2 protein chains.
Amino acid sequence: MEARLKTLEIAVEGDRLGATMLTPATRMPGLLFVHGWGGSQQQAMQRARKAAGLSCVCLTFDLRGHERHARMRQTVTRARNLADVLAAYDLLAGLPEVDPEAIGVVGFSYGAYLSALLTAHRPVQWLALRSPAIYPDAPWEAPKVALNCDPGLPAYRNAVLAPDDNRALRACAAFHGDALVVQAEHDTIVPPQTHRNYEAALANAHSLTTHLLAGADHALSTPAAQAAWSRMLMKWLGALVRREREQLAREAFRERRHTIPG
Amino acid sequence: MEARLKTLEIAVEGDRLGATMLTPATRMPGLLFVHGWGGSQQQAMQRARKAAGLSCVCLTFDLRGHERHARMRQTVTRARNLADVLAAYDLLAGLPEVDPEAIGVVGFSYGAYLSALLTAHRPVQWLALRSPAIYPDAPWEAPKVALNCDPGLPAYRNAVLAPDDNRALRACAAFHGDALVVQAEHDTIVPPQTHRNYEAALANAHSLTTHLLAGADHALSTPAAQAAWSRMLMKWLGALVRREREQLAREAFRERRHTIPG
């Protein structure tokens, strides 16, 4: 249900007080967490708990090739993992308590790459990419593990790439929501140039926030780095969720002006 | 409904991904706005709209002696206006979509005085007092307008008062929620000492935040002062609402640890 502005009366001692009630939209934003290669849904739990403080419904899941589907580690492809992300998105956005126009996706490394690809297939309002990995498009159906064995991969990640050079960047160039790109200062897996390429590709985003996690490595292996990332994400997300909820409330006020004379 | 943590499976291409969904508490915090003497519910609309951004259900209303009950201006008493506030509180806290354990009250001047009194009668989690007025307890049943004609009132407001000297301060001393006291720098109605008395009385609050609105008068008659007050209130309230929602999510995690072995 959308935000509602209601004029009402409160009975007290035989009198009736004029009153106004503003009820926020009852459907909540949805937040999808996509873990990195070799990770699991557990990584997102701390962030999910904090995002619940923003009244977001949070979904975390294990990509195939991980946890119970670890047997697929050598064979799973990007295409299949993207299908995983799409299935998780569809479950989340289809929940009756979730507002399908307020879906955020938070991806890390390979999960951030998949998250960028997701935006070409589903509406995403808020896109958070932490240390987003990138891979050449071809061969698209190769197993994911083979991509990391490509001797040209480090050079590819250090090259200046335009949106048309890569599917994930092309998806970013068509993205119109709010974007966050977070870089770890001492990342030895995803170099600074890859971040710059994503940032440049996000030129059509409604807003782009970039952030450097000082002293952090790719995995954010210290509690301090984990906490800094959580804080940063919640600050960014909190402002966007508030803005979106406020916008819905504003529409309720506008609606009243149209329907009640005077 | 409380926050829920649910383990589930997502079907994709014949496989089933392990997933976890965290759904925040669906009942929302409630926020009651109590206007000052000579004011109306309209004063709170800007703040209510912003509070809807925090997913709070907001209720504003006209005290008797104002608006449609303006004929009672000369006769209405504190007791009757407190009854107004209690009736509004009960309506808000009784809504099925409102969490009765997460009620905030925002009062201005005479409305802040009434808000402090309210806490002696109903559970309040968050208490925001802007330029809180104060009056001697006796004669309790005198019309409100007579209180302002008391030639001793300015001296009373400039005196150091202990909680036992005044009903509103006694209520504050018994308040265990989070409190905010906001003072306007150039307030000629409620002097600094009255603010100090409220702050000292709030010694048992879970937290006490005090704030000075630089350059502002009692009525916050400039848009800049209005905006500064809105910002301040939303920052304070936003952090508390987040903390409370997070706490509910934390309980959902704790619950799971108790019910699922391993």
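Residues numbered from 1 in each chain as written. Chains lettered and ligands numbered in written order. Predicted model: local features only at pLDDT ≥ 70, side-chain atom pairs only at ≥ 80, totals over all residues. Heavy atoms only, no water.

Draft legend 1. The overall build of chain A, seen in detail. A tally of regular secondary structure across chain A gives eight helices and eight strands. Its C-alpha atoms give chain A principal-axis dimensions of about 80 × 35 × 35 Å. Expressed as a percentage of its 262 residues, the buried residues of chain A come to 59%. Counting only contacts in chain A whose residues sit at least 6 apart along the sequence, the fraction spanning at least 24 positions is 70%. Side-chain charges in chain A split into 29 positive and 25 negative, and the spacing between the mean points of these groups amounts to 3 Å. (Helix = DSSP H or I, 4+ residues; strand = E, 2+ residues; numbered from the N terminus. Buried < 20%, exposed > 50% of the residue type's maximum accessible area, 1.4 Å probe, protein only. Contact = heavy atoms within 4.5 Å. Lys, Arg positive; Asp, Glu negative; His and termini not counted. Charge placed at Lys NZ, Arg CZ, Asp CG, Glu CD.)

Draft legend 2. Spotlight on the sheet that holds strand β7 (residues 178–184) of chain A. As summarised here, the arrangement of the eight strands in space is β8(A)-β7(A)-β6(A)-β5(A)-β3(A)-β4(A)-β2(B)-β1(B), forming an open sheet in which the pairing is mixed. What marks the edges here is a single partner per strand, and that holds for β8 (207–213) of chain A together with β1 (4–12) of chain B. Averaged over neighbouring strand pairs, the angle between their axes works out to 20° when direction is ignored. Here helix α3 (residues 110–118) of chain A sits on the sheet in contact with β3 (28–34), β5 (98–108) and β6 (126–130) of chain A, set at roughly 145° to β5 of chain A. (Pairing = 2+ DSSP bridges. Axes fitted to C-alpha atoms, helices over the stretch in contact; angles between N-to-C directions.)

Draft legend 3. Quick look at the relation of the copies chain B and chain A. The transformation that overlays chain B on chain A combines an axial shift of 0.0 Å with a rotation of 180°, and the residual RMSD is 0.0 Å. Here the two chains are linked by the operation of a two-fold rotation axis. (Least-squares fit on C-alpha atoms with pLDDT ≥ 70 in both.)

Draft legend 4. Summary view of the interface of chain B and chain A. Tallying the contact residues gives 56 residues for chain B and 57 residues for chain A. Both faces combined, the contact of chain B with chain A buries some 4800 Å², and carbon together with sulfur accounts for 60% of it. At the junction of chain B with chain A, the criterion picks out 10 salt bridges. For Glu13 of chain B, the salt bridge identified is with Arg64 of chain A, shortest N-O distance 2.7 Å. The interface formed by chain B and chain A includes 18 residue pairs in polar contact (both at pLDDT 80 or more). If you list the elements that add at least two residues to the side of chain B that touches chain A, you get β1, β2 (15–23), α1 (45–52), β4 (57–61), α2 (78–93) and α8 (223–259) of chain B. (Buried area = accessible area lost by both parts, 1.4 Å probe. Salt bridge = Lys/Arg side-chain N within 4 Å of Asp/Glu carboxyl O. Polar contact = N/O pair within 3.5 Å; in protein donor to acceptor, adjacent residues only side chain to side chain.)

Draft legend 5. Structural context of the pattern of salt bridges. Tallied over the entire structure, the rule returns 26 salt bridges over all chains. With a shortest N-O distance of 3.3 Å, Arg80 of chain A and Glu13 of chain B are connected by a salt bridge. With Arg80 of chain A in helix α2 (residues 78–93) and Glu13 of chain B in the loop between β1 and β2, the pair connects residues from two separate chains.

Draft legend 6. Quick peek at the pairing of β3 of chain A. Residue and element names in this part refer to chain A. Buried residues dominate β3, accounting for seven of its seven residues. As judged from the six bridges shared by β3 and β5, these two strands associate in the parallel manner. Counterpart to Met28 in the pairing with β5 is Val98. Examined bridge by bridge, β3 and strand β4 (residues 57–61) share four bridges and lie parallel to one another.

Draft legend 7. Seen up close, the packing of aromatic side chains. All names here are of chain B. Evaluated as defined, the whole model comprises eight aromatic pairs over all chains. Note on Tyr110 and Tyr135: the rings are 6.0 Å apart at their centroids and 85° apart in plane angle, and the pair reads as edge-to-face. Note that Tyr110 is positioned in helix α3 (residues 110–118) and Tyr135 in the loop between β6 (126–130) and α4 (144–149), a separation of 25 residues in sequence. On the basis of an interplanar angle of 75° and a centroid distance of 5.0 Å, the ring pair of Tyr113 and Tyr135 is categorised as edge-to-face. Within this pair, whereas Tyr113 is found in helix α3, its partner Tyr135 is found in the loop between β6 and α4, the two being separated by 22 residues in sequence. (Phe/Tyr/Trp six-rings, centres within 6.5 Å; stacked < 30°, edge-to-face > 60°.)

Draft legend 8. How the structure looks around the pairing of β5 of chain A. All names here are of chain A. Summarising burial for β5: nine of the 11 residues are buried, a large majority. Summarising the sheet, β5 and β6 pair through five bridges and their orientation is parallel. Counted as the bridge partner of Phe108 is Arg130 from β6. Handedness of the β5-α3-β6 crossover: right-handed. (Right-handed = clockwise from strand over helix to strand, strands pointing away.)

Draft legend 9. Structural detail: a negative patch on the surface. Taken together, the side chains of Glu2, Glu101, Glu251 and Glu255 of chain A make up a negatively charged region of the molecular surface. Considering the arrangement of structural elements, one finds Glu255 of chain A in helix α8 (residues 223–259). (Patch = residues over 30% accessible without salt bridge, like charges linked within 9 Å, V, L, I, M, F, W, Y side chains within 5 Å. Areas by Shrake-Rupley, 256 points an atom, 1.4 Å probe, with all protein chains shown as cover.)

Draft legend 10. Inspection of the environment of Arg80 of chain B at higher detail. Assessed through its relative accessible area of 36%, Arg80 of chain B is described here as partly exposed. Note: C-alpha distance between Arg80 of chain B and Pro29 of chain B (51 residues apart in sequence) is 26 Å. Non-local contacts of Arg80 of chain B, meaning those with residues more than four positions away in its chain, are made with Glu13 of chain A together with Arg64 and Met72 of chain B.

Draft legend 11. Molecular detail of the sheet that holds strand β3 (residues 28–34) of chain B. With mixed pairing, eight strands are arranged side by side in an open sheet as β1(A)-β2(A)-β4(B)-β3(B)-β5(B)-β6(B)-β7(B)-β8(B). Two strands lie at the open edges of the sheet, namely β1 (4–12) of chain A together with β8 (207–213) of chain B, each paired on one side alone. Going from strand to strand, the sheet's axes swing by 20° on average, the running direction of each strand aside. As judged from the four bridges shared by strand β2 (residues 15–23) of chain A and β4 of chain B, these two strands associate in the antiparallel manner. Following the sheet pairing, Met21 of chain A is matched in β4 of chain B by Leu59 of chain B.

Draft legend 12. How the structure looks around the side chain of Gln226 of chain B. All names here are of chain B. When you line up the elements, Gln226 lands in helix α8. Within the local environment of Gln226, its side chain forms a polar contact with the backbone oxygen of Leu220, the two atoms lying 3.0 Å apart. When residues no more than four places from it in sequence are discounted, the contact partners of Gln226 are Gln46, Arg47, Ala219 and Leu220.

Draft legend 13. Spatial organisation of helix α7 (residues 192–201) of chain A. Within α7 of chain A the residues assigned to the buried category are Thr194, His195, Asn197, Tyr198, Glu199 and Ala201 of chain A. Turning to α7 of chain A, the residues buried within the fold contact α3, β6, α5 (153–158), α6 (167–173), β7 and β8 of chain A.

Draft legend 14. Focus on unusual backbone geometry. All names here are of chain A. In this structure, the amide linkage connecting Ala138 to the following residue, Pro139, adopts the cis form with an omega of -5°. Its place among the elements puts Pro139 in the loop between β6 and α4 (144–149). In this structure, Ser55 is a non-glycine residue whose phi angle is positive, near 60°. As for its placement among the helices and strands, Ser55 is situated in the loop between α1 (45–52) and β4. Judged by its relative accessible area of 8%, Ser55 falls in the buried class.

Distances and angles like these do not, on their own, reveal function.
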